[in-house]
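Spelled out from the first residue to the last, the chains are:
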Amino acid sequence: MSDPTAAIAGLGITEQGKVYGPTARQFAAEAVRRAAADAGLQMSDIDGLIVSGGIKARVGIELQNTLGLVDLKLLTAMQGFGSTAAQMVQYASMAVQSGMASTVAIVWADAPLKEKSRSSAAYSGARSLPRGFDGITASNGIMSPTTMYALAARRHMKTYGTTSDQLGHIAVAQRAWAQFNPIAQFCGTPLTLQEYHDSRYIAEPFHLYDCCLVSNGGVAVIVTSLERARALRQPPVRVLGWAQAHPGRAGIRNDDFGLVSGAAQSGPAALKMARTTLDEIGVAQIYDCYTFTALLTLEDYGFFPKGEAGPAMAEPGMIGPGGRVKFNTGGGELSSFYMWGMTPLHEAVVQARGQGGGRQVDDHDRVLVSGNGGILDYHSTLVLGTDN
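Just so it is clear, the model here is predicted, and its values are computed rather than measured.

Asks: I would appreciate a short explanation of the domain arrangement of the protein chain in the present structure.
Replies: Many descriptions give the size of an interface as the accessible area lost when the pieces come together. Domain boundaries in the protein chain define domain 1 (6–110) and domain 2 (143–213 + 236–387). With 31 residues of domain 1 at the contact, the number on the domain 2 side is 32 residues. The largest share of the area that domain 1 buries against domain 2 comes from Ile8, Gln90 and Trp108, three residues that together contribute 25% of it. Between domain 1 and domain 2 we count 1 salt bridge in total. The partner of aspartate 38 in a salt bridge is arginine 353, and the shortest N-O contact between them spans 2.7 Å. Counting the contacts that link domain 1 with domain 2 gives 10 residue pairs in polar contact (both at pLDDT 80 or more). Breaking the side of domain 1 that touches domain 2 down by element, the ones donating at least two residues are β1 (6–13), α3 (84–98) and β4 (103–110). The element best represented in the side of domain 1 that touches domain 2 is α3, accounting for 11 residues.

Here it is in structure tokens:
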């Protein structure tokens, strides 16, 4: 394949968290408008639109009409669960490189939170009642992604000796990063390891702070050619490499469930496409629906040998602000906001541009971005870079 020539030129984000009133489509429209303005583009410059809107698909291709876009060359809705955002960037980049479209807006938005309702109710009813073989696990109380991820974490704990304390260090480190991110929902609210352990169990071994936030809002990016991006308002963020891996083996007996994710395949493939190595990655934005997901993905990408990420998390000076391994510098989905794969993508663009303020990482020429979906069923990887 020829050298990648696509770049992210615009970034737009709405207010995040417990924001009531706007619908998911309204959040999406506002995010796209902000991304276009960020790039210095007119809405009429957009000739491609890729949308996604959560489990209930609250944002569809009708967004074209909401935005008043006409004569689009590319229009589609995508669903890859947490791997969707990186996939959308991949397809937009291919469209730009092939000439199918010149300026593609990508947006993810959702509004699951309802006023006077608990966050835990946000996704209730999103899935149908289990039938057939799935009813066997349901009869044992395994009826949600949290309980399935808890099983995966237990498998890793049993195999490698990973502890709850080690997972807690991830939660604490990401909360520390969030203190430097003014848009993070937990900015201004630090977390100690003791507070982590004192929080209630959601599904053992997961405490409350092992689990991601639930947020209303939207995030959008604009993908165009590198040449055009150079003439626009913001520093271009090059899309250097990408890959997907969808193992689909989560329910197979005696397999590697909880021990390996699709990151083990998509990570090396994306790095190879980008003609770079893990040693050249200065900062990583890892999908962290749970602390365990982040730990497993870091191992599968090769930041730590298999089974050794847990002890490393507890090592002083390893993670968090000033740490040797810099990941989820905005606070991640655990402490910043939860926009599926748009959460790590948003922070990756901020870091690659050098616009992270107090949380900005010095070495940001190469940024790794992960997206994880299902119960470790789907994975996507991006390698982004500065224009040098």
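Asks: Just checking my understanding: could you explain the pattern of salt bridges for this structure?
Replies: Pairs may arise between side chains of opposite charge once their charged atoms sit close together. Taken as a whole and assessed by the stated rule, the structure comprises 10 salt bridges. Arginine 230 serves as the salt-bridge partner of aspartate 387, at 2.8 Å between the closest nitrogen and oxygen. One end of the pair, aspartate 387, is in the segment after β11 (378–386); the other, arginine 230, is in helix α8 (residues 226–230), and 157 residues separate them in sequence. When its relative accessible area of 30% is taken as the criterion, aspartate 387 is described as partly exposed.

Asks: So what exactly am I meant to see when it comes to the nonpolar core here?
Replies: Soluble globular proteins tend to pack their nonpolar side chains together in the buried interior. Residues Ile106 and Leu384 are the most contacted members of the largest nonpolar core, which totals 88 residues. The greatest single-element share of this core, amounting to 7 residues, is contributed by α3. Looking at which domains feed residues into this core, each of domain 1 (6–110) and domain 2 (143–213 + 236–387) gives three or more. Apart from residues lying up to four places away in sequence, isoleucine 106 is in contact with Ile50, Met88, Val89, Ala92, Val219, Ala220, Val221, Val223 and Met342. Phe27, Ala36, Ala220 and Leu226 belong to the second-largest nonpolar core, a separate cluster that totals 30 residues.

Conventions adopted
- Residues numbered from 1 in each chain as written.
- Predicted model: local features only at pLDDT ≥ 70, side-chain atom pairs only at ≥ 80, totals over all residues.
- Heavy atoms only, no water.
- Domains from an automatic or database assignment.
- Contact = heavy atoms within 4.5 Å.
- Buried area = accessible area lost by both parts, 1.4 Å probe.
- Salt bridge = Lys/Arg side-chain N within 4 Å of Asp/Glu carboxyl O.
- Polar contact = N/O pair within 3.5 Å; in protein donor to acceptor, adjacent residues only side chain to side chain.
- Helix = DSSP H or I, 4+ residues; strand = E, 2+ residues; numbered from the N terminus.
- Buried < 20%, exposed > 50% of the residue type's maximum accessible area, 1.4 Å probe, protein only.
- Core = buried A, V, L, I, M, F, W, Y, C linked by side-chain atoms within 4.5 Å.

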